[in-house]
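# Analysis of the macromolecular model
The lines below spell out each chain.
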Amino acid sequence: MSSDEAIQLTNNDASYCKSYAISKGYWSDPYLKYFCSSHSLEHKAPEISRGYYARVNAIRSCVYKFIEKFDNGQVINLGAGFDTLYFDLIDKNLKFKKYIEIDFGRIVSSKIRLMRSKRALSDKFPRTDTIESTSETTQTQGDFKVPNLFPKASPVHPSLKSNSEIHLENYDLISADLRNTDELDSKLKMCGVSFKLPTLVIAECVLVYMSLDKSSNLLKYLSENFEQIGFLNYEQCNLKDKFGDIMMANMQARECRLEGTEACSSLSTQMERFINNGLNNTQVITMSDFYKNKMDQDERHRIESIEFLDESELLFQLMDHYCIGIASNSPVFKEIFF
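On a predicted model such as this, the values are computed, not experimentally measured, just so you know.

Looking now at helix α1 (residues 3–24). The terminal C-alpha atoms of α1, which comprises 22 residues, lie 32 Å apart, in line with the 32 Å expected from a rise of 1.5 Å per residue. Looking one or two residues past α1, Gly25 carries a phi angle of roughly 100°, positive in sign.

Set out below in structure tokens:
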């Protein structure tokens, strides 16, 4: 199995962990279940569920603040996998100009197939075509109406017919190799992205799979081409200790090659990569800091009451080795810092 194939499998792992946490009541998401099999309900440790709650809470709270500030903003989700944030934004009636999801071609095709087969998902996409109405009585013989026993099935949503991409007015789902900025540029232009509008890019455990040169090229491309861009990054950090060694060994055992760990040595190295590539307005904190000091404390007490956790040491060891950061080429993004 290639490293890229192993990386794609992490999408399933994350989806299963999130789905289990949702089933326990950590947060509400009526859509993720459509992307998961029965394996998603296999028991997960409370530390895992709390960690995923904090991750989702950090990402979504920042996106909400961004959209509230910029009603014409764009969101680009790199390595989006089976993420359901778009559906959440639609349900909350939050206004945005464009939402673009990017991932490997195989994941994109799987996501399209699943969205096409589930009306709860496909109905969330606006459609401009006319659906042929189906009547219960379609034939008449004199005064006698013959019931239609075989109604015509609803047609496939016109924007979900392709297996490789989706293009709507406010939503695009495409594949691209993020290590190739020329390809990324071409795909974004195909989506009709505006380089002048405020744009928030989301990356959850994406850059760590790229060499420092490749991730730096990606960040430099974004900072130089978008007039106002923020990069919201969730990723490993503080990997230069024994616990970090264990995390690395676990990923290597799954054949995931982490080429970008140089930038994950500390919070400082995370910030340096952003600053060196034109994103000078930067904040990076550990997930422990976010959980203890930035997250709503009523919410913290609520989720901590869901499952008993005998000892919190492992939870905070894990959170000390993940960080959440925002980096921007515009000081206006400081208003959505944590």
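Looking at the element boundaries, Asn93 is found in the loop between α3 (85–91) and β2 (98–103). Overall, the relative accessible area of 53% leaves Asn93 in the exposed class. Note: C-alpha distance between Asn93 and Leu78 (15 residues apart in sequence) is 23 Å.

Ranked by size, the top nonpolar core spans 64 residues in total, and within it Val63, Leu89, Met115, Tyr171, Leu232, Ile324 and Phe338 carry the most contacts. No other element matches helix α2 (residues 46–69), which puts 11 residues into this core. If we skip the residues at most four places from it in the chain, Val63 touches Leu85, Leu89, Leu200, Ile202 and Leu232. Ranked by size, the runner-up nonpolar core spans 30 residues in total, among them Leu78, Leu184, Met210 and Ile229.

With that settled, the discussion passes to the packing of aromatic side chains. All told, the structure shown has 20 aromatic pairs when counted by the stated rule. Ring geometry for Phe125 and Tyr171: centres 5.2 Å apart, planes at 35°, overall tilted. With a gap of 46 residues between them, Phe125 in the loop between α5 (119–122) and β3 (137–141) and Tyr171 in strand β6 (residues 171–175) connect regions that are remote in the sequence. The residues Phe125 and Tyr171 share a single accessibility class, namely buried. Each residue in the set Tyr31, Tyr86, Phe87, Phe96, Tyr99, Phe125 and Tyr171 is aromatic and connected to the rest through ring pairs, giving one cluster. The lysine or arginine in question, Lys111, covers the ring of Phe35, its NZ or CZ lying 5.8 Å from the ring centre. A cation over a ring is seen here: Arg273 above Phe274, with NZ or CZ 5.9 Å from the ring centre.

Turning next to the sheet that holds β6. Taking strand neighbours across the sheet as the criterion, the 8 strands line up as β5-β6-β2-β1-β7-β8-β10-β9 in an open arrangement whose pairing is mixed. With partners counted over all chains shown, the strands left at the sheet margins are β5 (166–167) and β9 (281–286), one partner each. Strand direction decides the pairing type here: β2 and β6, joined by 5 bridges, are parallel. From the neighbouring strand, Asp103 faces β6, where its bridge partner is Ser175.

Scoring rules and cut-offs
Residues numbered from 1 in each chain as written. Predicted model: local features only at pLDDT ≥ 70, side-chain atom pairs only at ≥ 80, totals over all residues. Heavy atoms only, no water. Helix = DSSP H or I, 4+ residues; strand = E, 2+ residues; numbered from the N terminus. Expected span 1.5 Å × (residues − 1). Buried < 20%, exposed > 50% of the residue type's maximum accessible area, 1.4 Å probe, protein only. Core = buried A, V, L, I, M, F, W, Y, C linked by side-chain atoms within 4.5 Å. Contact = heavy atoms within 4.5 Å. Phe/Tyr/Trp six-rings, centres within 6.5 Å; stacked < 30°, edge-to-face > 60°. Lys NZ or Arg CZ within 6 Å of the ring centre and 35° of its normal. Pairing = 2+ DSSP bridges.

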